[in-house]
Amino acid sequence: MFFGAARHDLVLEGIGFTVFVKNNHAEVVRLGYLPRKARDPVPALMVRAAEEASGCRVTGAARGLWRSPSLPGDTGEARFALAC
């Protein structure tokens, strides 16, 4: 789905993200390790990263957040639909 997507690298509140944007979708990858206690703000920062990288608004953020099924509770990756 994201083959050929535009890549954007951002740092928000000291946390690095890579955002891939293609058509009306974004995939956000958090870079680096964060201890569990530091992960609470990450979902909102992922929405912000997707919006800043794409110039679009994230739609259905709560429904669009995807976390790795192999690591429940991890905030390492998210996919969003965008309204451009």
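Being a predicted model, the structure only gives us computed values, none of them experimental. (Residues numbered from 1 in each chain as written. Predicted model: local features only at pLDDT ≥ 70, side-chain atom pairs only at ≥ 80, totals over all residues. Heavy atoms only, no water.)

A separate point is the overall build of the protein chain. Helix and strand counts for the protein chain stand at 2 helices and 5 strands. Moving toward the C terminus, one meets the helices and strands of the protein chain in the order β-β-β-α-β-α-β. Every one of the 84 residues in the protein chain was classed for burial, and the buried ones make up 42%. (Helix = DSSP H or I, 4+ residues; strand = E, 2+ residues; numbered from the N terminus. Buried < 20%, exposed > 50% of the residue type's maximum accessible area, 1.4 Å probe, protein only.)

Turning our eyes to something else, we now look at the pattern of salt bridges. Any two side chains of opposite charge can pair, given that their charged atoms come close. Taken as a whole and assessed by the stated rule, the structure comprises 4 salt bridges. Glu27 is the partner of Arg79 in a salt bridge, and the nearest nitrogen-oxygen pair spans 2.9 Å. Remark: Glu27 occurs in strand β3 (residues 25-30) and Arg79 occurs in strand β5 (residues 77-83); sequence separation between them is 52 residues. Under the relative-accessibility criterion, Arg79 is labelled partly exposed at 37%. (Salt bridge = Lys/Arg side-chain N within 4 Å of Asp/Glu carboxyl O.)

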